[in-house]
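Architecture and fold: a report
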Amino acid sequence: MSFKGFQKSVIRAPQTFKAKFNLGENTKDAVYIDAERRFQELEKETKKLHDESKKYFDAINGMLKHQIEFSQACAEIYKPISGRVSDPDSTVAEGNPEGIRACEEYESIVKDLLATLQPELEMIEMRVIRPADELLEIIKVIRKTATKRQHKQLDYDRHRATLKKLQDKKDKNLKDEKAMYKAENDVEAATQEFNYFNDLLKDELPKLFALEREFIRPLFQSFYYMQLNVFYTLHEKMQGCDIGYFDLTREIEEAFQSKRGDIQDQAEALSITKFKTTGGKRPSGRAGAPGRLALEGRPGGSKLAIEDSKSSASLSPHRNSLQESSETPPPPYSANTLSPSSPAVGGVGRANSTGGTWGAVTKIKGAAPPPPKPKPSRLSGAPAPETATALYDYEAQAEGDLSFTTGDTIEIVTRTANENEWWVGKIKGRQGQFPGI
């Protein structure tokens, strides 16, 4: 929209509001209103005619192309997966020669059918879609004229309202006389422009409606006959389709059941078709003799001895396994079994991930110092935080774990009733998860 058109839109806005809500005096022409209604229907139905004929054209083309792709997909399924050890037919030249040959014959027939129907499809585009496009272009031009007529009607009603307001004024001064003179000229010019477009549309629209009938009649007839030709050609080609792989003497369902045989039962008998995840506890994947598990670090590192009462003990603290409440918790640690100088009993050694720097530091320090005495509670009456003393070294195995050395005092933030689970603690401002025992 140009700047001049924007200015006119702003000027017409009050009158547009009045016309929309039927306020004040608005010009109404019953003949034009009926013609406008019929024109809107013509515009709507022509657009629908164009869209539906285009969809029909695309549907016929798409149907034949999908048939070709369908036969190609079946042929690929019939062929073995060449070079795959998992395919028992990989050494066979073709997995289903008869089926592949039938797919190739069917694809050839459909391609020939597509080439035969191409002239008919081009006629649909030439005799139906293209004329509908041309009619839509004509309708767009007429719609612009109708919009122009609506704008002239708004100007006509606006100038008439201004002139009437000045005429009804009792005490007129010189300025009012000049304004009334200008308003009379504006009304006269607006009347001429409005009558021109109004009479033009009232005279021309009925002629367009008569031409519409003449336009639709051959259009519909051409579409009908072209559609018959398409269906006749399809029927003739498919009826003459003689592929030995298909048994056309039987009913469709009977032939399907005969071809399928007991393949479905054989497929359902495969174990992999009945695989379901239950979400239950998985059986332990390792077995060993009950006793002690010695977790040793690198040379110079600390040793951590953990008593285990089950043969399937894990080699590292694992959250999921420790959260199984049904497992029997190991006996509590003692100072003798958990001291860094105690020998490792059992034949399972821990990975070097926990024995690095922390173990070396512990060995240099020597024996673990006694745990510090708890500080007396303050006079405020707030309960002292629960703490625990580390009896062995632990190095974080994952993000969020809490590392500590023997003798560290761990402030317990969150704990559970089961000592086999992971607790949340804090050491010198560092917070993380650590094994309960």
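Now for a look at the structure at hand. Not measured: the values here are computed from a predicted model. (Residues numbered from 1 in each chain as written. Predicted model: local features only at pLDDT ≥ 70, side-chain atom pairs only at ≥ 80, totals over all residues. Heavy atoms only, no water.)

Notes on the overall build of the protein chain
Worth spelling out the cut-off: Helix numbering and strand numbering both begin at the N terminus, where a helix is a DSSP run of H or I of at least 4 residues and a strand a DSSP run of E of at least 2. The classification of residues rests on relative accessible area computed with a 1.4 Å probe and restricted to protein chains. Under 20% of the type maximum is buried, over 50% is exposed, and intermediate values are partly exposed. Any two residues whose heavy atoms approach within 4.5 Å are treated as being in contact. For every accessible area listed, the method is Shrake-Rupley and the probe measures 1.4 Å; residues are considered covered only by the protein chains on display.
Counting secondary structure elements, the protein chain contains nine helices and six strands. Taking all 437 residues of the protein chain together, the buried fraction comes to 28%. Within the protein chain, contacts between residues separated by at least 24 positions form 66% of all contacts whose residues are at least 6 apart in sequence. For the protein chain, the exposed area adds up to about 30000 Å²; of that, 56% sits on carbon and sulfur atoms.

A few points about the state of the cysteines
The condition is simple: Note on terminology: disulfide denotes any pair of cysteine sulfur atoms within 2.5 Å.
This structure, assessed with the given rule, holds zero disulfides. Here Cys 74 is not cross-linked by a disulfide; its sulfur's nearest cysteine counterpart is in Cys 103, at 4.9 Å. Judged by relative accessible area, Cys 103 falls into the buried class, the value being 9%.

Brief notes about helix α3 (residues 97-167)
An α-helical segment advances 3.6 residues per turn. Residues three or four places apart therefore align on the same side. Keep this limit in mind: Each helix should span, by expectation, one fewer than its residue count multiplied by 1.5 Å. To get the bend at a residue, fit one axis to the 7 residues ending there and another to the 7 starting there, then take the angle between the axes.
Counted at 1.5 Å a residue, the expected span for α3 with its 71 residues is 105 Å, and the 97 Å between its end C-alpha atoms agrees. The largest bend in α3 is about 40°, located at Gln 118, with the proline Pro 119 one to four residues further on.

So, the sheet that holds strand β3 (residues 387-389)
As a reminder of what qualifies: Think of it this way: DSSP has to see at least two bridges between two strands before they count as a pair. The angle between two axes is taken between their N-to-C directions and runs from 0 to 180 degrees, where each axis is a line fitted to C-alpha atoms and a helix contributes only its stretch in contact.
One open sheet accounts for four strands, arranged β3-β4-β5-β6; its pairing is antiparallel. Both edges of this open sheet fall to β3 and β6 (430-435), since each of them pairs with a single strand only. Adjacent strand axes in the sheet meet at a mean angle of 45°, parallel and antiparallel pairs treated alike. Across six bridges, the pairing between strand β5 (residues 422-427) and β6 is antiparallel. If you follow Trp 423 over to β6, its bridge partner there is Phe 434.

Overview of unusual backbone geometry
Non-glycine residue Lys 428 carries a positive phi angle of around 50°. Tracing the sequence through the fold places Lys 428 in the loop between β5 and β6.

Remarks on a negative patch on the surface
As a reminder of what qualifies: Patches here are clusters of residues that have more than 30% relative accessible area and form no salt bridge, with a 9 Å joining cutoff for like charges and a 5 Å cutoff for nonpolar side chains (Val, Leu, Ile, Met, Phe, Trp, Tyr). One side-chain nitrogen of Lys or Arg within 4 Å of one carboxyl oxygen of Asp or Glu is enough to make a salt bridge. In this charge count, Lys and Arg are treated as positive and Asp and Glu as negative; neither His nor the chain ends contribute. The atom standing in for a charge is NZ when the residue is Lys, CZ when it is Arg, CG when it is Asp and CD when it is Glu.
A grouping of Glu 122, Glu 125, Asp 133 and Glu 134 is seen on the molecular surface, where their side chains present a negatively charged patch. Mapping Glu 125 onto the fold places it in helix α3. Accessibility expressed as a relative area gives 36% for Glu 125, which makes it partly exposed.

Re the environment of Phe 215
Its place among the elements puts Phe 215 in helix α4 (residues 174-239). Its relative accessible area of 22% is what places Phe 215 among the partly exposed residues. Each C-alpha atom, one on Phe 215 and one on Pro 131, is 8.7 Å from the other, the two residues being 84 residues apart in sequence. Excluding its chain neighbours within four sequence positions, the residues that come into contact with Phe 215 are Pro 131, Ala 132 and Leu 135.

Let's talk about the pattern of salt bridges
Counted under the stated rule, the structure contains 18 salt bridges. As a salt-bridge pair, Lys 111 and Glu 107 come within 3.1 Å of each other at their nearest N and O atoms. With Lys 111 and Glu 107 both in helix α3 and four residues apart, the pair spans about one turn of that helix. A relative accessible area of 44% means that Lys 111 is categorised as partly exposed. For the salt bridge of Asp 112 with Lys 237, the shortest nitrogen-to-oxygen distance reads 2.7 Å. Of this pair, Asp 112 sits in helix α3 while Lys 237 sits in helix α4, placing them 125 residues apart in sequence. Using a relative accessible area of 29% as the deciding quantity, one classes Lys 237 as partly exposed. Residues joined in a network through salt bridges with shared partners are Asp 34, Arg 37 and Glu 41.

Observations concerning a nonpolar patch on the surface
A cluster of nonpolar side chains, namely Phe 3, Phe 6 and Val 10, defines an oily patch on the protein surface of about 340 Å² accessible area. Within the secondary structure layout, Val 10 lies in helix α1 (residues 3-20). Residue classification places Val 10 among the partly exposed residues on the basis of a relative accessible area of 48%.

Notes on the packing of helix α2 (residues 30-78) against α3
Two numbers describe a pair of packed helices, the interaxial angle and the distance between the axes. Note the following rule: Roughly parallel means an angle under 35 degrees; roughly antiparallel, over 145; roughly perpendicular, 65 to 115; everything else is oblique. Each crossing gets its handedness from the near helix: less than a right angle anticlockwise from the far helix is left-handed, clockwise is right-handed. Ten residue types, Ala, Val, Leu, Ile, Met, Phe, Trp, Tyr, Cys and Pro, are classed as nonpolar, four, Asp, Glu, Lys and Arg, as charged, and the remainder, Gly among them, as polar.
Put simply, α2 and α3 touch, their axes get as near as 8 Å, and they point 165° apart. Here α2 lies roughly antiparallel to α3, going by the angle between them. Seen along the crossing, α2 lies across α3 with a hand that is left-handed. Taken together, the residues that form the contact of α2 with α3 break down as 28 nonpolar, ten polar and eleven charged.

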